[in-house]
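Each chain is listed here by its residues.
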Amino acid sequence: MASAQLTLIDGASGGGAEKPGDLSFELQQLSARQIWFLLRRHMKLVAAIVISCVVVVLLVQLQLPNRYEATATVQVELNDSTGSNQADATRNQQRVANEARMYRSQALAEQVVRDLNLTRNPAFTHGVPMTVQQGAVQLTKNVRVVSSTDSDFIDIIVESQKPELAARIANRFVDSLQKMRSQRRQTWRDGLSVALDKETARLAHEVETAERAVADFRRAHLMPMGAGSAEDYQQMNRIAVEAASTAAMSSAMQAQAAGVSRAAAMRTVAGATSPALDNLQKQYDDLIRQRSEISVQMGAAHPQMQALSAQIAQVGAALQKERAAVIVTQQTKNDTDAGRERAMAVAEASAASARAGQLQSKLNAITGAAFRNNANLVDLSILDRRAEVARQAYLTTAQRAQTVQSELETTGVNSTMVSAAPVPLYPVAPAPKKMALAAFVGSSVLAFLIVLGIEMFDNRLRSGDQLRRLFGLRTLAMLPKLEDAIGITIEENPVITQPQSLFTEVARNLASEIGDLPHGGASQRVLVTSPLPGDGKSSVALTLAAAAASMGRRAIVVDLDLRRPGPSILRSIQDSSDTPDLIDVLTHASESRKLIPQAESHVEHDVAEGAGPRALMPVVLSTREQIRNPAAVVQGWQVGRLLDDLRDRFDLVVINAPAILAVRDARTLSTLADSTLMVVRWGHTTVEQMRASLQMVNNQVVGAVFNQVDYEEHAKRGYGDAVQFYMGSAAYYSDSFPVQRSWKDRVRNVFTRQAA
């Protein structure tokens, strides 16, 4: 049934309660649809923020003058003695970053201001007198330097109200940087050159002094270059080797001279010959061959044989004579050669012996001088080291001075203009559409964050799911907020006057839920309380009793909120009725049963229209005036006796107790009731108040009732409970519900309002 859905808001039964959670859990579990409901219930705030931001941005944009941007592109290079060097990517990126920082520096901005004389340019100063430093600050605000980590290009973007001025400034940055860098290099180079020249002159004087000291020492101690050094010992070794070699050569020559004579006697002449001897020997051999050839034919006595023999004898004699002459000639020649060789060997031996003596004498002289120089070698080494140190220092300083003086202007990191900035034709600002869109997006995000922050800091209770999740507490009913206050008589209660209303239906379901709670005996005692005064617990108690009475139960409301000053609805009803006062009933113990009023019945419909069923009326037992000592009354035995007496006469006894956090009476009275009902004012009672209240009564509350619920607002919040769909049950109730429009009607209404 629809009525049951409106009453059992959380759908929970009397089962075990859940463990209390954290309020932020609700925001952590937001779905897309819940986010939409969240924005919709704060739609006015969101719309105000968005519209305000967009309107302000548009107004500002429309009042701003046109601004132009000019972009100049430069390339960063590292120039050394070999030219451009871009090999090292990592170092190149660092150089580009450093160069970009130079373009952003205050010093370069001041140089650009001076070069272009911007402090006297009305388009730049806008008529405001400026110093160079102030102009540099303004220029820095209007300049953006953009560089990429994987490129050696830098974009210099200048913004100005004048397009020509923006292009001039953007194109001037490179020249101004080179000029500033050149001036600093020249100043540094000049200072360094002067210092190096002074140092070079000083070191040259020290070198001259050191070398002169070395020369004077060598001259004073007769130590030429190399004296006393390893060269002396090398020379001594060479002379000693040469003297030994010469002595050995002399001995060899003397032995050779002695052996020449013996060799001459041993020479032979057997092989001596001459041309004439060879010719005679050939003739002799020929004659012998001829004689042998004809001897076989002619015999020995043949005259030709005899002639040949005579001729052979003659040639043989000449041959013997010639051989003897040749031997004599050869012997003479051998003797002559031996004498010459002997003379030459003797001469060479004499020369080698003389050379060996000279070398030995020279060796002795050099050895003596070397030993004499050893004593001065230490002092000479010290002087040489001093001279060498001074010489190296002088050479290094002189070379450094020459390098500095010959260094190129372009050496180091330099920027080259790759693309000059053209004069911009179209302004980049203001951009109303773009900025309005950005303002809309930004303000929407801001509004959502504000709404989310409001929800996060909003700790007021509004749904049964909050009570169930945070406190494990069951929601028994959500009483709608009434446009008019409850009347001062029982007959004016909405449950009686509007039996077909939504309020009455929820009240009846509340009475049914209370009736299903466990209780001892036929009568039931229910304590109604709230965290703080003003939550409407008296109205809830009266409504509960009226709903129970309309369902045929004898119900009474006992108002024990005696400490509350001023009038209340229960006291007003007590004043308008003729029933005894609560104090009279408590103080007249013997006559309390007679004083207790009885439940009466009334006709719901006009008899003229037809007899209607008679229904019971709830009874209210309260005080007409504030008593002096309410604590004594509440804590006395008379209250317990009164409740026992009421148990016999009424089916439902509703005890209206004071607020829990105000006084202690509710904790005392809760022990006299079967059930304790907590009244929560929708949208006002906080989580902390509810938690403190439950702790005060040791969590003995069986359920809660939301009072003064704005059903329309609750439905907009989209909590997903039955109240969200209450307008779908409008046909069952006599109330006037707001018209539920479709999304098309809502969109049409929005555009209609905008057109209007």
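As a convention, each chain's residues are numbered from 1 in the sequence order in which they are written. Residue-level local features of this predicted model are given only where pLDDT is at least 70; pairs of side-chain atoms are given and counted only at 80 or more, and the full residue set underlies all totals for whole chains, interfaces and linings. Hydrogens and water molecules were not included; the side-chain quantities draw on all heavy atoms of the structure.

So, on to the packing of aromatic side chains. The criterion for an aromatic pair is that two Phe, Tyr or Trp rings (for Trp, the six-membered ring) have centres within 6.5 Å, with stacked assigned to planes under 30 degrees apart, edge-to-face to planes over 60 apart and tilted to the rest. Per the counting criterion, the structure on display carries 1 aromatic pair. Seen from their ring centres, Y103 and F173 are 6.4 Å apart, and the 50° between their planes marks the pair as tilted. With Y103 in helix α5 (residues 89-104) and F173 in helix α9 (residues 163-220), this residue pair connects regions lying 70 residues apart in the sequence. Pair check on accessibility: Y103 and F173 agree, each one buried. Put simply, DSSP marks the helices as runs of H or I at least four residues long and the strands as runs of E at least two long, and each gets a number from the N terminus on. Only protein chains enter the area calculation, which uses a 1.4 Å probe; residues under 20% of their type maximum are buried, those over 50% are exposed, and those in between are partly exposed.

Moving on to the pairing of strand β14 (residues 701-709). Within β14, 7 of the 9 residues are buried, which leaves it mostly tucked inside the rest of the structure. For two strands to count as paired, DSSP must find a minimum of two bridges between them. Judged from the 4 bridges that link them, strand β6 (residues 475-480) and β14 form a sheet pairing that is parallel. Across the sheet, residue T475 finds its bridge partner in β14, namely A704. The sheet contact formed by strand β13 (residues 675-681) and β14 spans 6 bridges and is parallel.

The next point concerns a nonpolar patch on the surface. A surface patch of nonpolar side chains, about 470 Å² in accessible area, is lined by L437, F440, V441, V445 and L449. Assignment of secondary structure puts F440 in helix α13 (residues 432-457). Taking relative accessible area as the criterion, F440 reaches 44% and is therefore assigned partly exposed. Within the patch definition used here, like charges are joined within 9 Å and nonpolar side chains (Val, Leu, Ile, Met, Phe, Trp, Tyr) within 5 Å, considering only residues with over 30% relative accessible area and no salt bridge. Computed with a 1.4 Å probe, the accessible areas rest on the Shrake-Rupley method; for each residue, only the protein chains presented here act as cover. Any carboxyl oxygen of Asp or Glu within 4 Å of a side-chain nitrogen of Lys or Arg constitutes a salt bridge here.

Predicted confidence across the protein chain gives a mean pLDDT of 79, with 80% of residues reaching 70 or more. Per-residue confidence from the predictor is given as pLDDT, running between 0 and 100. Contacts are assigned to residue pairs that have any heavy atoms within 4.5 Å of one another. For the stretch residues 1-25, pLDDT sits under 50, and the model shows 55 contacts to residues farther than four places along the chain or on other chains. Counted against residues more than four places away or in other chains, residues 605-612, with its pLDDT under 50, gives 4 contacts.

Let us now look at the nonpolar core. Here, nonpolar core means buried Ala, Val, Leu, Ile, Met, Phe, Trp, Tyr and Cys residues that are tied together by side-chain atoms lying within 4.5 Å of each other. Formed by 82 residues in total, the largest nonpolar core has its most connected members in L461, F471, I514, L544 and M690. Here the element with the most residues in this core is helix α17 (residues 537-550); it accounts for 8 residues. Core analysis: the second largest hydrophobic core is formed by 31 residues, L108, V112, I154 and M180 among them.

In the cavity and pocket records, a cavity denotes points on a 1 Å grid over the protein atoms alone where a 1.4 Å probe fits but cannot get out, a pocket denotes an open set with protein on both sides within 12 Å along at least 5 of 7 lines, and lining residues are residues with an atom within 4 Å of a point. Grid points are joined across faces, edges and corners, and a volume is the space filled by probe spheres set on the points. For the structure shown, the criterion picks out 2 cavities of 30 Å³ or more. Counted as a void, the second largest cavity has a volume near 40 Å³. K537, S538, D559, D561, R564, S568, R571 and N656 together form the lining of the second largest cavity. Per-class residue counts for the lining of the second largest cavity are no nonpolar, 3 polar and 5 charged. Gly is placed with the polar residues, together with every amino acid not listed as nonpolar (Ala, Val, Leu, Ile, Met, Phe, Trp, Tyr, Cys and Pro) or charged (Asp, Glu, Lys and Arg).

Along helix α18 (residues 569-576), the residues that are buried comprise I569, L570, R571, I573 and Q574. Where α18 is buried, its residues contact α17, β8 (555-559), β11 (619-621) and β12 (652-656).

Another point: the environment of Q133. Locating Q133 in the fold gives a position in helix α8 (residues 132-141). Judged by its relative accessible area of 44%, Q133 falls in the partly exposed class. Residues Q133 and R114, 19 residues apart in the sequence, show an inter-C-alpha distance of 10.0 Å. Dropping the residues within four chain positions of it, Q133 is found in contact with Q106 and E110.

Here we take up α17. Each residue after the first adds 1.5 Å to the expected span of a helix. In a regular helix each residue adds 1.5 Å, so 14 residues correspond to 20 Å; α17 covers 20 Å between its end C-alpha atoms and thus fits that length. Where burial is concerned, most of α17 is hidden: 12 out of the 14 residues are buried. Once α17 finishes, G552 follows within two positions and takes phi at roughly 95°, a positive value.

Let's shift gears to the pairing of strand β4 (residues 153-160). Across 5 bridges, strand β3 (residues 143-147) lies against β4 in antiparallel orientation. Following the sheet pairing, V145 is matched in β4 by I156. If you look at the hairpin formed by β3 and β4, you'll find 5 residues sitting between the two strands.

To continue, consider the sheet that holds β12. Hydrogen bonds between backbone groups are what pair the strands of a sheet, and the pairing can be parallel or antiparallel. A sheet is described by the order of its strands in space; here 7 strands give the open sequence β6-β14-β13-β7-β12-β8-β11, paired in parallel fashion. This sheet does not close on itself; its edge strands, each paired only once, are β6 and β11. Averaged over neighbouring strand pairs, the angle between their axes works out to 20° when direction is ignored. Axes here mean lines fitted to C-alpha atoms, for a helix over just the part in contact, with angles spanning 0 to 180 degrees between N-to-C directions. Across the sheet, helix α16 (residues 502-515) lies against β6, β7 (524-529), β12, β13 and β14, angled at about 160° from β6, the strand it touches most.

This brings us to the packing of α17 against α18. For any two helices packed against each other, one specifies the crossing angle of their axes together with the interaxial distance. Put simply, α17 and α18 touch, their axes get as near as 8 Å, and they point 55° apart. In terms of their interaxial angle, α17 and α18 are classed as oblique. Taking contact as the criterion, the partners of S538, S539 and L542 in α17 are, on α18, I569, L570 and I573. Residue composition of the contact of α17 with α18, grouped by class: 4 nonpolar, 2 polar and no charged. Under this scheme an angle from 65 to 115 degrees is roughly perpendicular, one under 35 degrees roughly parallel, and one over 145 degrees roughly antiparallel; angles in between are oblique.

This brings us to the packing of helix α6 (residues 106-116) against α9. Contact geometry for α6 and α9: axes closest at 8 Å, N-to-C directions at 110°. It follows that α6 is roughly perpendicular to α9 by the angle criterion. Taken together, the residues of α9 that come into contact with α6 (itself represented by A107, L108, Q111, V112, D115 and L116) are R168, I169, R172, F173, S176, L177, K179, M180 and R184.

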